[in-house]
Amino acid sequence: MAAKEATIYIIDQGKSTAQCHNGRSESDLEYGMKYVWDKIATVMAAERKSGGLGIIGLRNDDTDVPLEEPEGYEHIAVLKELGLIDMSQLPDLRRAIVPSSTDAGDAISAIIVAVDMIGKFTMLKSGKPGKFNRKIVLVTTGGGPLLDADDLDDVVRKINELDIELAIIGIDFDDPDYGFKEEDKPKRKKQNEETLRTLTEKCSKAVFGTAAEAVEMLAVPVPKATRPYSPYKGKLSLGDFEKYPETALFIDVERYFRTKAASAPSASNFVTRSGILVGNGEGSAQSSGTVQGDTDMTDTPDLSAVKYARTYKVNDASAPGGKRDVDRDDLSKGYEYGRTAVPISESDQNITKLDTFESFSIIGFVPSNKYERYFNMGSSCITLAQSVNDKARMALSSLIHALFELESYAVARLVAKAGKDPEIVLLAPEILPGATEALIDVPLPFAEDVRIYQFPPLDRVITTSGATVSKHRNLPSDDLQKAMSDYVDAMDLSTFGKDDEGNPKEYMEIDETYNPVIHRIGGAIRKRAIHPGESVDPPPENLMKWSSPPEELVARAKSKLEKLEKAALVKKVPPKKRGSKFKREPIKPLSGLDVQSLLDRDRPKKITKENAIPELKHLLSKTTSDNDIQDAAKQMSRIICEIVKDTTGETGDDRALENIRVLREELMALETPEIYNDFMREFKQKLLKGDLGGERKEFFLKLRFAKLGLIDSDMLEHSEVSPEEAVEFYSLSTKLPSRAK
């Protein structure tokens with residue numbers, strides 16, 4: 001269970017914080033609040049019920065402290081009591097955290113107020129301090145009057161007594177380790193800075209730094225800490241220990257995830273309550289209650305979660321519209337079997353499942369050099385012996401060392417829970433001296449999972465007679481192979497990085513390689529949560545670090561690349577010319593006899609459903625007018641609609657999408673985007689109206705994902721559709737963009 005937290009941020013709001021220094025275009029307060037807002041957004045995103053957060057304003061216009069004797073604590077105001085924080089409190093905080101009209105206020109006194117608040121908040125009913133991670137963060141410019149350092153030792157004693165971590169982030173404070181020093185610093189600010197530095201040096205848990213470093217570190221993504229999760233706790237067996245207890249063995253183990261793909265935050269659909277129609281069709285005026293049983297959004301009461309409903313219909317000539325609604329409970333599951341379906345009732349579903357029980361058993365061993373890396377099928381796990389079982393730890397250690405010494409892997413059958421499908425995993429030994437001894441496992445493929453295809457070799461050419469040729473125009477020469485080898489060596493990342501002492505090290509370490517999608521979405525969410533009206537900042541540099549090779553490395557390898565281009569005879573390819581209608585260059589037969597025209601003489605100009613794509617391409621290759629193109633497109637459009645309408649489930653969706661893709665490419669090549677766009681508008685209308693076998697919204701979503709919508713002017717200059725209209729076409733509103741707009 002994660003530890004409880006109690007964190008208070010003390011924000012310097014003095015009059016002087018409205019000024020800009022050191023070439024910044026933003027005020028000192030805005031600069032320091034970058035750090036605070038990011039931390040607040042991170043706390044809210046974690047949604048932890050045990051995370052308490054409070055905010056105190058220093059050098060505030062008002063005085064509001066939870067003390068019996070507020071004398072001596074003037075111009076210190078509690079802007080938010082210590083407790084949970086949500087988005088509904090952010091507007092008030094944004095209005096409250098602004099530069100004040102005074103520079104009076106003592107930072108040491110503000111720290112005393114924060115210590116008192118944390119002490120009361122974390123105190124148990126028994127009078128003893130609870131188990132909390134206590135922290136005070138002071139963000140200040142060091143301005144204002146000289147700090148009162150008379151009671152500094154008493155403050156330090158109380159901070160250490162409560163085990164509070166004190167972090168002082170000074171705006172333009174000197175930090176030799178970071179390499180920042182403010183020139184011409186005011187004498188009073190310098191003295192206050194030294195007082196605060198002395199305070200942190202006396203505390204047992206304290207950090208003193210400059211705001212420049214704190215703001216810079218915000219660009220470094222922080223991976224989300226995950227709790228250890230064990231998908232299996234039980235016995236690792238070798239042999240059947242229940243049937244043969246004297247010869248078989250088992251070890252009590254625990255299995256945890258070692259690597260698991262992290263997922264990006266997902267978005268949900270919401271609607272404003274003012275736009276919800278209830279009852280008589282009028283917009284609801286409710287703003288705080290739940291509308292029609294939807295989820296009540298406490299942080300944003302003007303929003304309501306969208307619920308989805310699905311209906312099931314069957315063809316019924318006697319029903320209105322030829323279709324009749326059926327209840328989901330009346331449906332039976334079926335499995336495709338050729339062109340038919342085999343129904344299996346709910347009560348018989350168990351016949352399709354294996355009757356398995358929880359087990360983790362070794363079924364054999366393989367030499368490590370016989371294992372192919374591409375066999376890895378998914379996330380890896382680590383298997384450890386039970387921590388309180390010395391016998392199990394000794395037994396597993398002996399197995400791990402035996403595998404290591406024999407350079408072998410174990411193959412095991414795993415059923416994590418009773419009733420789950422079995423999987424085969426590979427167990428590899430891992431020995432970290434002084435740390436852990438464990439087995440790392442990855443799932444292995446079954447025969448149905450392996451995709452083995454035959455491709456011609458790259459190092460030799462096999463002729464039709466079966467002879468092997470090692471020198472050929474399609475094979476790389478010795479000069480080309482050497483040039484490529486030199487270029488690969490020049491682009492080596494394993495030693496391109498530098499450590500603190502300047503020694504070579506790996507450039508792309510795994511703990512510094514962040515997922516750009518996850519952190520980009522997270523950064524955008526935090527920005528919009530704190531500042532809804534502002535634009536999202538561009539992704540930080542270290543997040544895009546791996547988007548391209550290092551410039552220094554590219555420059556160093558430039559000469560090798562030039563030699564490689566010369567050895568490979570690389571030449572610039574001229575830009576591809578756009579095709580023109582009816583001007584496709586015909587294929588000229590070597591004999592002079594056009595056999596294809598003789599074969600096409602009696603062939604009907606018709607596209608069949610069974611061979612639609614080749615016949616469409618053939619017809620369009622022989623077009624001589626717009627009418628021919630229109631006719632071919634209409635035939636293909638009719639076939640596409642028939643495929644979608646006659647599809648059971650999603651069996652024909654891929655075929656229909658491929659037909660649409662080919663039609664789109666052919667019409668773009670003939671520079672007739674208007675024919676395709678007209679078809680697509682009509683096709684969307686039919687999909688959403690249910691004219692193609694009921695509601696086919698799922699198919700339209702597939703079409704949108706495949707980007708087969710309208711052809712806009714950016715794709716083809718002859719198109720009359722703007723990029724905005726092409727984007728609007730993908731929306732599921734009933735209003736469709738037309739050429740008349």
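Worth saying up front: this structure is predicted, and the values here are computed from it rather than measured.

S.K.: Would you explain the overall build of the protein in this entry?
M.R.: Along the backbone of the protein there are 18 helices and 25 strands. Of all 741 residues assigned to the protein, the portion counted as buried reaches 34%. Counting contacts in the protein only where the partners sit at least 6 residues apart, residues at least 24 apart contribute 66% of the total. For the protein, the computed accessible surface area is about 47,500 Å², with 52% contributed by carbon and sulfur atoms.

S.K.: How should the nonpolar core be read in this particular structure?
M.R.: Proteins that are soluble and globular tend to have nonpolar side chains buried together. Counting 39 residues, the largest nonpolar core has Ile-660, Leu-663, Tyr-676, Met-680, Phe-683, Phe-699 and Leu-703 as the members making the most contacts within it. Those elements that place two or more of their residues in this core are α13 (612–621), α14 (626–646), α15 (653–669), α16 (673–689), α17 (697–705) and α18 (723–729). Residue contributions to this core peak at nine residues, all from α14. With residues near it in sequence (within four places) discarded, Tyr-676 still touches Ile-660, Leu-663, Arg-664, Leu-667, Leu-708, Gly-709 and Ile-711.

S.K.: Please explain the sheet that holds strand β21 (residues 437–443) as it appears in this structure.
M.R.: Backbone-to-backbone hydrogen bonds join strands into a sheet, with any given pair of strands oriented parallel or antiparallel. An order of β7-β8-β18-β21-β20-β19-β17 is seen for the seven strands of this closed barrel, with the pairing classed as mixed. The average undirected angle you get between the axes of adjacent strands in this sheet is 40°. Sheet analysis places strand β8 (residues 249–259) next to strand β18 (residues 380–385), joined by six bridges and oriented antiparallel. Looking at the pairing, Tyr-256 lines up with Ile-382 of β18. Packed onto the sheet, helix α7 (residues 390–405) meets β7 (232–238), β8, β17 (359–367), β18, β19 (408–415), β20 (423–431) and β21 and runs at close to 65° relative to β21.

S.K.: Just checking my understanding: could you explain the pairing of strand β1 (residues 4–12) for this structure?
M.R.: Walk down a regular strand and you will see the side chains alternate between the two sheet faces. Most of β1 sits out of view: seven of its nine residues are buried. Bridge count between β1 and strand β4 (residues 132–140): eight bridges; the pairing is parallel. Paired with Lys-4 across the strands is Phe-132, a residue of β4. In this region the chain leaves β1, passes through helix α1 (residues 28–46) and returns to the parallel neighbour strand β2 (residues 51–58); the handedness of that crossover is right-handed.

S.K.: What exactly am I supposed to notice about a negative patch on the surface here?
M.R.: Negative charge collects at one region of the surface, where Asp-61, Asp-62, Asp-64 and Glu-81 lie side by side. Inspection of the secondary structure assignment puts Asp-64 in the loop between β2 and β3 (76–83). A relative accessible area of 45% places Asp-64 in the partly exposed class.

S.K.: Could you clarify how one ought to interpret the packing of aromatic side chains in this entry?
M.R.: Within a pair of aromatic rings, the relevant descriptors are the distance that separates the centres and the angle that separates the planes. In the structure shown here, the tally under the stated rule is 15 aromatic pairs. Seen in terms of ring centroids, Phe-679 and Phe-683 are 5.5 Å apart; in terms of plane orientation they differ by 25°. Their pairing is stacked. Residue Phe-679 and its partner Phe-683 are located together in helix α16, separated by four residues, close to a single helical turn. Accessibility classification places Phe-679 together with Phe-683 in one group, the buried group. Both rings, one in Phe-700 and one in Phe-729, keep their centres 5.9 Å apart while their planes meet at 65°; by these two values the pair is edge-to-face. In this pair, Phe-700 is assigned in helix α17 and Phe-729 in helix α18, connecting sequence segments 29 residues apart. Exposure class is identical for Phe-700 and Phe-729. Each is buried. Among the aromatic residues, those joined into a ring-pair cluster are Tyr-371, Tyr-374, Phe-375 and Tyr-409. Taking NZ or CZ as reference, Arg-24 lies 4.3 Å from the ring centre of Tyr-31, over its face. A cation sits over an aromatic face here: Lys-684 above Phe-729, 4.9 Å from the ring centre.

S.K.: Looking at this structure, I do not really get a nonpolar patch on the surface. What am I missing?
M.R.: A cluster of nonpolar residues, Leu-238, Leu-249 and Phe-365, forms a patch on the protein surface that exposes about 250 Å² of accessible area. Structurally, the position occupied by Leu-249 is in strand β8. Judged by relative accessible area, Leu-249 falls into the partly exposed class, the value being 41%.

S.K.: Looking at this structure, I do not really get the environment of Gly-119. What am I missing?
M.R.: Note that Gly-119 resides in helix α3 (residues 107–121). Residue classification places Gly-119 among the buried positions, given a relative accessible area of 10%. Sequence separation between Gly-119 and Leu-162 is 43 residues; the distance between their C-alpha atoms is 7.1 Å.

S.K.: Can you walk me through the side chain of Ser-100 in this structure?
M.R.: Tracing the sequence through the fold places Ser-100 in the loop between α2 (90–96) and α3. Separated by 3.1 Å, the side chain of Ser-100 and the backbone oxygen of Thr-102 make a polar contact. Non-local contacts of Ser-100, meaning those with residues more than four positions away in its chain, are made with Gln-13, Gly-14, Lys-15, Arg-59, Asn-60 and Asp-61.

S.K.: It is not clear to me how the environment of Pro-476 should be interpreted in this structure. Could you clarify?
M.R.: With respect to the helices and strands, Pro-476 occurs in the loop between β23 (468–469) and α8 (478–490). C-alpha of Pro-476 to C-alpha of Arg-460: the two residues are 16 residues apart in sequence and 9.5 Å apart in space. Here Pro-476 is in contact with Leu-458 and Gln-481, once residues within four sequence places are set aside.

S.K.: I tried to follow the pattern of salt bridges on my own but got confused; where do I start?
M.R.: Between side chains of opposite charge, pairing is possible as soon as their charged atoms come close. Evaluation of the coordinates by the stated rule reveals 38 salt bridges. The partner of Lys-313 in a salt bridge is Asp-325, with the nearest N and O atoms 2.8 Å apart. Of this pair, Lys-313 sits in strand β13 (residues 312–315) while Asp-325 sits in strand β14 (residues 323–326), and the two are 12 residues apart along the sequence. Across the pair, exposure class does not vary: Lys-313 and Asp-325 are exposed alike.

S.K.: Quick question: what am I supposed to make of the packing of α16 against α17 here?
M.R.: To characterise two packed helices, one gives the angle between the axes of the helices and the distance between these axes. The interhelical angle for the contact between α16 and α17, taken along N-to-C directions, is 145°, at an axis separation of 9 Å. Between α16 and α17, the residues in contact are Met-680, Phe-683, Lys-684 and Leu-687 and Phe-699, Phe-700 and Leu-703, respectively. Grouping the constituent residues of the contact of α16 with α17 by class yields six nonpolar, no polar and one charged.

S.K.: Can you walk me through unusual backbone geometry in this structure?
M.R.: Peptide bonds are, in most cases, trans, and in most cases residues other than glycine have a negative phi. Despite not being glycine, Asn-22 shows a phi value in the positive range, around 55°. Secondary-structure assignment places Asn-22 in the loop between β1 and α1. Of note, Lys-707 is a non-glycine position whose phi angle comes to about 55°, a positive value. Relative to the helices and strands, Lys-707 resides in the loop between α17 and α18. Judged by relative accessible area, which is 64%, Lys-707 ranks as exposed.

S.K.: What should I look at first to understand the packing of α3 against helix α4 (residues 152–161) in this one?
M.R.: Here α3 crosses α4 at 30°, and the two axes come no closer than 11 Å. Taken as axis vectors, α3 and α4 run roughly parallel relative to one another. Here the hand of the crossing between α3 and α4 comes out left-handed. Contact residues: α3 offers Ile-108, Ile-111, Ile-112 and Val-115, while α4 offers Leu-152, Val-155, Lys-158 and Ile-159. Among the residues forming the contact of α3 with α4, the class breakdown is seven nonpolar, no polar and one charged.

S.K.: Help me understand the side chain of Asn-60 in this model?
M.R.: Along the polypeptide, Asn-60 turns up in the loop between β2 and β3. Within polar-contact distance, the side chain of Asn-60 engages the side chain of Gln-13 at 2.9 Å.

S.K.: Would you mind going over α3 with me for this structure?
M.R.: Within an α-helix, residues lying three or four positions from one another point in the same direction, as the helix has 3.6 residues per turn. Helix length check: α3 (15 residues) gives 21 Å between terminal C-alpha atoms against 21 Å at 1.5 Å per residue, within 8%. Counting buried residues along α3, 11 of its 15 residues qualify, which places the element largely inside the surrounding structure. Of the positions making up α3, those classed as buried are Ala-107, Ile-108, Ser-109, Ala-110, Ile-111, Val-113, Ala-114, Val-115, Met-117, Ile-118 and Gly-119. Of the residues that open α3, the one with a side-chain oxygen 3.2 Å from the backbone nitrogen of Ile-108 is Asp-106.

Reading the values: the criteria
Residues numbered from 1 in each chain as written. Predicted model: local features only at pLDDT ≥ 70, side-chain atom pairs only at ≥ 80, totals over all residues. Heavy atoms only, no water. Helix = DSSP H or I, 4+ residues; strand = E, 2+ residues; numbered from the N terminus. Buried < 20%, exposed > 50% of the residue type's maximum accessible area, 1.4 Å probe, protein only. Contact = heavy atoms within 4.5 Å. Areas by Shrake-Rupley, 256 points an atom, 1.4 Å probe, with all protein chains shown as cover. Core = buried A, V, L, I, M, F, W, Y, C linked by side-chain atoms within 4.5 Å. Pairing = 2+ DSSP bridges. Axes fitted to C-alpha atoms, helices over the stretch in contact; angles between N-to-C directions. Right-handed = clockwise from strand over helix to strand, strands pointing away. Patch = residues over 30% accessible without salt bridge, like charges linked within 9 Å, V, L, I, M, F, W, Y side chains within 5 Å. Salt bridge = Lys/Arg side-chain N within 4 Å of Asp/Glu carboxyl O. Lys, Arg positive; Asp, Glu negative; His and termini not counted. Charge placed at Lys NZ, Arg CZ, Asp CG, Glu CD. Phe/Tyr/Trp six-rings, centres within 6.5 Å; stacked < 30°, edge-to-face > 60°. Lys NZ or Arg CZ within 6 Å of the ring centre and 35° of its normal. Polar contact = N/O pair within 3.5 Å; in protein donor to acceptor, adjacent residues only side chain to side chain. Nonpolar A, V, L, I, M, F, W, Y, C, P; charged D, E, K, R; others polar. Parallel < 35°, antiparallel > 145°, perpendicular 65-115°, else oblique. Left-handed = near helix turned anticlockwise from the far one by under 90°. Expected span 1.5 Å × (residues − 1).

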